[in-house]
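Letter by letter, the chains look like this.
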Amino acid sequence: MEILWKKDSLVVNYSFIGPGYVGINILWHGYNVNLVNIYAPCSVSLRRELWQTLIDRRTNSLNEEWCLGGDFNEVSSSEERIGEGTYHNRNGMEEFRDFIERMCVVDIPCVGGRFSWFKDNGKAMSRLDRFLILNKLIVSWGVIDQRIGRRDLSDHAPIRLFCGEIDWGPKPFKFNNVWLKHGDFKEFICNEWASLKFEGRGDFILFEKLKKLENSIITWNREVFGWIDLSVNKEVEKINAMDIMIADKYGDNIENLVKDRRGLSKRHRRNAISVLEGEEGHVEGVQEVKNEVRNHFENYFKEGDFRRAVPEGLDLAFLNEDDKMWLQRPFTEEEIKSAV
């Protein structure tokens with residue numbers, strides 16, 4: 001095993017090695033990061049020793065970041081292994097999942113394939129290779145997913161982290177139920193709605209008032225209520241700052257304090273779209289994914305070329321001028337309440 005890096009890209013503090021792993025501790029943007037290359041043994045008992053060794057190192061360096069990558073020689077669920085002779089060692093899988101939890105690392109969503117190891121006869125395959133990373137590194141590096149590449153003569157396929165900032169454009173407006181708990185929110189909405197004045201058809205007035213109200217709510221959230229995302233980030237920073245202090249007092253129970261936060265981050269990454277399977281293969285990139293989605297729905301809802309019936313020779317009723325004026329009148333408050 002070996003770890004390669006550009007000489008001028010980072011500062012290496014020291015290296016460390018053990019049975020089944022080799023790692024380096026680096027200084028990256030002001031904090032220490034442990035990069036560990038894993039080559040776990042086939043024996044369940046030896047893997048158990050490897051897991052415990054890394055957990056002990058993690059416990060003694062709670063203020064440092066961790067990135068583990070390589071051949072873990074174990075799966076976290078039965079869905080990650082198929083084929084002949086695939087005996088599922090439940091204890092091994094549970095110990096591996098426990099190792100991931102106790103290390104507080106995240107198994108990033110994988111694209112490009114389900115499996116990274118293939119038996120020589122092609123009748124068995126497993127996902128043995130992966131990256132496991134602490135959440136802070138995922139955010140700092142802008143990690144999107146990990147990808148399984150194409151293998152050549154090896155029975156293992158290469159894996160790599162895909163990082164980058166994806167800008168999907170303006171975010172849609174979302175109503176947060178927590179706003180309703182603010183004592184002044186309902187009064188603010190009523191006053192804003194009453195102050196908005198437009199002229200024209202009823203549907204036009206309603207659309208414009210809702211659009212202006214949306215901007216007013218965004219401003220109110222920023223200036224009065226406070227940015228929700230910013231508040232969440234501040235609380236996360238508080239949790240990170242307390243990790244070492246709490247660990248000294250409560251030991252392993254620190255994992256329970258960050259479990260919910262890791263769960264939210266995991267669901268966010270699982271729901272994120274970085275690659276789509278199109279008709280001609282994988283599609284990635286913001287504009288490419290947008291085009292693929294648009295083309296899919298355009299083709300799905302495209303109207304077929306057929307002849308429509310034409311109502312010729314029929315004596316149909318028409319709206320008179322009074323009916324037209326009635327339809328174009330402004331909506332009444334009772335009509336709006338009944339529709340909403």
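Residues numbered from 1 in each chain as written. Predicted model: local features only at pLDDT ≥ 70, side-chain atom pairs only at ≥ 80, totals over all residues. Heavy atoms only, no water.

Caption draft 1: Looking closely at the sheet that holds strand β2 (residues 21-28). Strands sit in the order β1-β2-β3-β4-β10-β6 across an open sheet of six strands; the sheet is mixed. Taken across any chain shown, the strands that pair with only one partner, and hence form the sheet edges, are β1 (11-18) and β6 (105-107). Here the average twist between neighbouring strands, direction ignored, is 20°. As defined by bridge partners, β6 adjoins strand β10 (residues 129-134) across three bridges and the pair is classed as antiparallel. By the bridge assignment for β10, Val106 is matched with Ile133. Sitting on the sheet, helix α1 (residues 44-59) is in contact with β1, β2, β3 (31-39), β4 (65-71) and β10, with an inclination near 20° to β2. Against the sheet, helix α2 (residues 90-103) makes contact with β4, β6 and β10, and its axis sits at roughly 30° relative to β10, the strand it touches most. (Pairing = 2+ DSSP bridges. Helix = DSSP H or I, 4+ residues; strand = E, 2+ residues; numbered from the N terminus. Axes fitted to C-alpha atoms, helices over the stretch in contact; angles between N-to-C directions. Contact = heavy atoms within 4.5 Å.)

Caption draft 2: Region of interest: the packing of helix α4 (residues 185-195) against helix α5 (residues 202-225). The geometry of α4 relative to α5 is characterised by a closest axis approach of 10 Å and an angle of 140° between their N-to-C directions. Viewed along their axes, α4 and α5 adopt a mutual orientation that is oblique. The chirality of how α4 crosses α5 is right-handed. Touching Phe185, Phe188, Ile189, Glu192 and Trp193 of α4 are Leu206, Lys209, Leu210, Leu213, Ser216, Ile217 and Trp220, all from α5. Residues that form the contact of α4 with α5 fall into these classes: nine nonpolar, one polar and two charged. (Parallel < 35°, antiparallel > 145°, perpendicular 65-115°, else oblique. Left-handed = near helix turned anticlockwise from the far one by under 90°. Nonpolar A, V, L, I, M, F, W, Y, C, P; charged D, E, K, R; others polar.)

Caption draft 3: Fine view of the side chain of Glu64. Along the chain, Glu64 falls in the loop between α1 and β4. Although Glu64 is buried, it forms no salt bridge, and the closest oppositely charged side chain is Arg57 at an N-O distance of 6.9 Å. Within the structure, Glu64 has its side chain in polar contact with the side chain of Asn25 (distance 3.3 Å). Residue contacts for Glu64: discarding those within four places in its chain leaves Tyr14, Asn25, Asn32, Asn34, Arg58 and Leu134. (Buried < 20%, exposed > 50% of the residue type's maximum accessible area, 1.4 Å probe, protein only. Lys, Arg positive; Asp, Glu negative; His and termini not counted. Salt bridge = Lys/Arg side-chain N within 4 Å of Asp/Glu carboxyl O. Polar contact = N/O pair within 3.5 Å; in protein donor to acceptor, adjacent residues only side chain to side chain.)

Caption draft 4: Examining the pairing of β2 more closely. Within β2, six of the eight residues are buried, which leaves the element mostly enclosed by the surrounding structure. In terms of strand pairing, β1 meets β2 through seven bridges, oriented antiparallel. By the bridge assignment, Tyr14 is partnered in β2 with Asn25. Relative to β3, β2 runs antiparallel, the two sharing eight bridges. Considered in β3, the bridge of Val22 is made with Asn37. Where β2 folds back on β3, the antiparallel hairpin that results is connected by two residues, among which His29 adopts a positive phi of roughly 55°.

Honestly, it's all geometry; don't read function into it.
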